[in-house]
Amino acid sequence: MTAVPCTGAAARFRAASWGFWLVLFAQQALDAFVRQAPWIIWVAYLLPLLIFLPGMLRDRLRSYVWLCFVVLLYFVRLVERLFAEPGALPPIVGTIAAVGLFTCAMLYVRKRGPQLRRAAAPAPGDTDG
C-alpha cells in the first residue's frame with residue numbers, strides 16, 4: 001500500500017499539531033526542571049505525551065484522537081495552576097499549547113480522514129472477481 005500524501009488544510013493542521021506538541025512537551029519538561037521534581041514526576045509529566053509519538057510519526061488518526069483526550073488532562077492541570085499562580089508565564093504558555101494542540105489535532109483528524117478514506121476506496125468499475 002502506498003502512502004497517501006497529506007495535502008491542504010490537513011498538512012497545515014498536522015504541522016501546527018507538531019508545533020503545539022513540542023511547546024507543551026518543552027513546557028512540561030521545563031516545569032519539572034524548575035521545580036526540581038523527582039524522576040517519577042518527570043515520568044508523570046512527559047510519558048503521556050511520549051506514548052503518542054510513534055502513532056503521530058506513522059500518521060495514525062487514532063493516536064491523534066486519543067492525544068486529544070489526554071491533552072484535556074494537561075489543560076485541567078494547567079488551568080488549576082493558573083488560578084493558583086495568576087500571571088505565571090509557564091502555565092499560560094502550557095494552557096495555550098494545550099488548547100492549540102487539542103484544536104489542531106482535532107481538525108487534522110477531521111480533514112485527514114476523508115483523504116485516507118478516498119484513497120482506500122476501490123476505484124469505480126474495479127471488481128475482484
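Look a little higher up for the structure.
This one's a predicted model, so the numbers in the text were calculated from it and none came from an experiment.

J.: Whenever I open this one, the packing of aromatic side chains confuses me. Can you help?
T.: Centre-to-centre distance and the angle between the planes together describe a pair of aromatic rings. If you walk through the whole model with that rule in mind, you get 4 aromatic pairs. Ring centres of Y64 and Y108 lie 4.8 Å apart, and the angle between their planes is 55°; this geometry places the pair in the tilted category. Remark: Y108 occurs in helix α5 (residues 89-120) and Y64 occurs in helix α4 (residues 61-84); sequence separation between them is 44 residues. By the ring-pair criterion, three or more aromatic residues cluster together here, those being W18, W21 and F25.

J.: Whenever I open this one, a nonpolar patch on the surface confuses me. Can you help?
T.: Residues W39, I40, I41, V43, L47, L50 and I51 make up a contiguous nonpolar surface patch of roughly 660 Å² in combined accessible area. Tracing the backbone shows L50 in helix α2 (residues 39-51).

J.: So what exactly am I meant to see when it comes to the packing of helix α1 (residues 8-34) against α2 here?
T.: To describe two helices that pack against each other, one gives the angle between their axes and the distance between the axes. Where α1 meets α2, the closest approach of the two axes is 9 Å, and the angle between their N-to-C directions is 170°. Taken together, α1 and α2 sit at an angle that is classed as roughly antiparallel. The residues of α2 that touch α1, namely those facing W21, L24, F25, Q28, A29, D31, A32 and F33, are W42, Y45, L46, L49 and L50. For the contact of α1 with α2, the residue count by class is 11 nonpolar, 1 polar and 1 charged.

J.: Whenever I open this one, the pattern of salt bridges confuses me. Can you help?
T.: Opposite charge on two side chains permits them to pair, given that their charged atoms come into close proximity. Evaluated as defined, the whole model comprises 5 salt bridges. A salt bridge links R81 to D31; the nearest nitrogen and oxygen atoms lie 2.9 Å apart. Linking R81 in helix α4 with D31 in helix α1, this pair joins segments that are 50 residues apart in sequence. Residue classification places D31 among the buried positions, given a relative accessible area of 5%.

J.: Could you clarify how one ought to interpret the side chain of T95 in this entry?
T.: Mapping T95 onto the fold places it in helix α5. T95 sits in the buried class, given a relative accessible area of 11%. At 2.7 Å, the side chain of T95 and the backbone oxygen of P91 are in polar contact. Ignoring any residue separated from it by four or fewer positions in sequence, one finds T95 in contact with F75, L78, V79 and L82.

J.: Even after reading the chapter, I still don't get the nonpolar core, so can you show me in this structure?
T.: Formed by 20 residues in total, the largest nonpolar core has its most connected members in W21, L24, L49, M56, Y64, L67 and L101. Those elements that place two or more of their residues in this core are α1, α4 and α5. Ranked by residues supplied to this core, first place goes to α4 with 8 residues. With residues up to four places along the chain from it excluded, the contact list for L49 reads W21, L24, F25, L67 and Y74.

Each value, and the rule that gives it
- Residue indices follow the written sequence of each chain, beginning from 1 at its first position.
- Per-residue local features are limited, in this predicted model, to residues with pLDDT of at least 70; the limit for side-chain atom pairs, both in listing and counting, is 80 or more; totals at the level of whole chains, interfaces and linings are taken over all residues.
- Note that the side-chain values use all heavy atoms of the structure and ignore hydrogens as well as water.
- Ring geometry is summarised as follows: Phe, Tyr and Trp rings, the Trp one being its six-membered ring, pair when their centres sit within 6.5 Å, and such pairs are stacked at plane angles under 30 degrees, edge-to-face over 60 and tilted between the two.
- The helix count covers DSSP runs of H or I at least four residues long, the strand count covers runs of E at least two residues long, and both are numbered beginning at the N terminus.
- To count toward a patch, a residue needs a relative accessible area over 30% and no salt bridge; like charges are then connected within 9 Å, while nonpolar side chains (Val, Leu, Ile, Met, Phe, Trp, Tyr) are connected within 5 Å.
- Accessible areas in this description were obtained via Shrake-Rupley with a 1.4 Å probe; residue shielding takes into account the shown protein chains only.
- The working definition used for a salt bridge is a side-chain nitrogen of Lys or Arg within 4 Å of a carboxyl oxygen of Asp or Glu.
- To obtain an axis, a line is fitted to C-alpha atoms, over the contacting stretch when the element is a helix, and the angle between two such axes runs from 0 to 180 degrees between their N-to-C directions.
- Throughout this description, any angle smaller than 35 degrees is read as roughly parallel, any larger than 145 degrees as roughly antiparallel, any in the 65 to 115 degree range as roughly perpendicular, and the remainder as oblique.
- Residues count as neighbours in contact if any of their non-hydrogen atoms are within 4.5 Å of one another.
- Classification convention: Asp, Glu, Lys, Arg as charged; Ala, Val, Leu, Ile, Met, Phe, Trp, Tyr, Cys, Pro as nonpolar; all other residues, Gly among them, as polar.
- Only protein chains enter the calculation, and the probe is 1.4 Å; a residue is then buried if its accessible area is under 20% of its type maximum, exposed if over 50%, and partly exposed in between.
- Counting of polar contacts relies on pairs of N or O atoms within 3.5 Å, with two restrictions inside protein: one atom must be capable of donating a hydrogen and the other of accepting it, and residues adjacent in sequence are counted only when both atoms are side-chain atoms.
- Here, nonpolar core refers to any group of buried Ala, Val, Leu, Ile, Met, Phe, Trp, Tyr and Cys residues whose side-chain atoms link them within 4.5 Å.

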